[in-house]
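# Report on the structure
The chain contents come next:
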Amino acid sequence: MTDDKVKRRLTTVLCADVYGYSRLMEADETGTLETLRRYRTAIARLVERHDGRIVNTWGDAVIAEFASVVEAVQCAVEIQQEISDQAPDASQASPMQFRIGINLGDVMVDGSDIYGDGVNIASRLQELAEPGGVVISSSVYDQVHNKLSVGFDCLGQRPMKNIAPLTSYRLTLAGQAAGPRSFPIEESAAPSGRARAPRLDDGRAPASSMNAVSDWLRRLPRHVAAALSVSAFLIVINLLTSHRIWFHWPVAAILFGVIMRMVLGNRPESDSRSER
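Residues numbered from 1 in each chain as written. Predicted model: local features only at pLDDT ≥ 70, side-chain atom pairs only at ≥ 80, totals over all residues. Heavy atoms only, no water.

Attention now moves to a nonpolar patch on the surface. A cluster of nonpolar side chains, contributed by Phe256, Met260 and Leu264, occupies part of the molecular surface with about 300 Å² of accessible area. Mapped onto the elements of the fold, Met260 is located in helix H8 (residues 248-265). (Patch = residues over 30% accessible without salt bridge, like charges linked within 9 Å, V, L, I, M, F, W, Y side chains within 5 Å. Areas by Shrake-Rupley, 256 points an atom, 1.4 Å probe, with all protein chains shown as cover. Salt bridge = Lys/Arg side-chain N within 4 Å of Asp/Glu carboxyl O. Helix = DSSP H or I, 4+ residues; strand = E, 2+ residues; numbered from the N terminus.)

Turning to its location among the elements, Thr12 is positioned in strand E1 (residues 7-18). Setting aside chain neighbours within four positions, we find Thr12 in contact with Ala64, Glu65, Phe66, Ser68, Val69, Ala72, Ile102, Asn103 and Leu104. (Contact = heavy atoms within 4.5 Å.)

Here we come to unusual backbone geometry. If you check the backbone angles, Asp51 has positive phi at about 60 degrees while not being a glycine. Relative to the elements of secondary structure, Asp51 occurs in the loop between helix H2 (29-49) and strand E2 (52-56). The backbone of Asn162 sits at a positive phi, close to 60 degrees, despite the residue not being glycine. Looking at the secondary structure, you find Asn162 in the loop between strand E7 (151-160) and strand E8 (163-172). Residue classification places Asn162 among the exposed residues on the basis of a relative accessible area of 68%. (Buried < 20%, exposed > 50% of the residue type's maximum accessible area, 1.4 Å probe, protein only.)

On the secondary structure map, Glu71 appears in helix H3 (residues 69-86). By relative accessible area, which is 24% here, Glu71 ends up partly exposed. Residues Glu71 and Gly52, 19 residues apart in the sequence, show an inter-C-alpha distance of 8.1 Å. Discounting chain neighbours no more than four positions away, the residues touching Glu71 are His50 and Phe66.

So yeah, pure geometry; function would need other evidence.
What follows is the structure, given as C-alpha cells:
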C-alpha cells in the first residue's frame, strides 16, 4: 500500500514581492525584466548564504524557506540592503523595490514545494510591508526580537485576506527612511504598543570617565601605571579613613622611585659600560 499521508514540517517562509510590478512593466518592460533578473540573482545568493532555499518564483514573487528563523530575518535585511545599494540612481522616478513578509509556521510538503497557511501568512504579511520594508509574524518575533540588531514596530492585528487576524511587526532598519510610522532603532523608550528589539551591542555603554582613565593607564609603561595606581589607592584610603593627611610621604617615595628608574633607564649605553 502506498503512503498517502500528507507530510508536514515547521519551517520559516520568506515571501518577497516587487511593489508596483505592473506599473513598472507598463513603463519599461525590458528594463524592468532586466532589473528583476539581477535582483533575483542577488536574492538567490543571499538565501543560499543563509542556508535557505528558493521554493518558487511566481511572476515577480520569490518564496524561500529557512530552517533557522534568525537566518531568515537576517537574509531579509540583507536583501533590502543589497537592493538599495544596487539602485542605479536615488533620483530615479520609479526604482524597483521589494516588500518582504516572513512567517514561522506549519506547512504541507509536496516534493520541493510547500503549501498551507504557513506560506499564505507570509504572503499576506508581505502585502502589509512598505516598499523596501520587512514585516514578520508574532511567531517570528518571539524567536528573534532579542537576537538581532534591528528594531521592531508592533502593527497590532491587521485584517488579511482569507487569513485570521494576527499580530505582526515591522522591522526598523538602521538608516532606513521608510514611512512616517517608522522609528529609529536607537530610540530608548517606546510608547505602549510598540516593541523594540534589544541591540546586540546594548551591553556596551558609552565610554565613561573610568573607562577613559583605564585606557590612559594602559598606554603608559607598566611600572608608571602601577606606581600611579598605587598612589591613587593610597590617596583614597587616606581620605576615607583619616582626617590627617599622610599619603604625601609614601606617594612621594613611589614617584621618586619611578623617576629614578626612568632616568637610569635612559642613560646612554656607553656610560653604563664604563661603570662596569
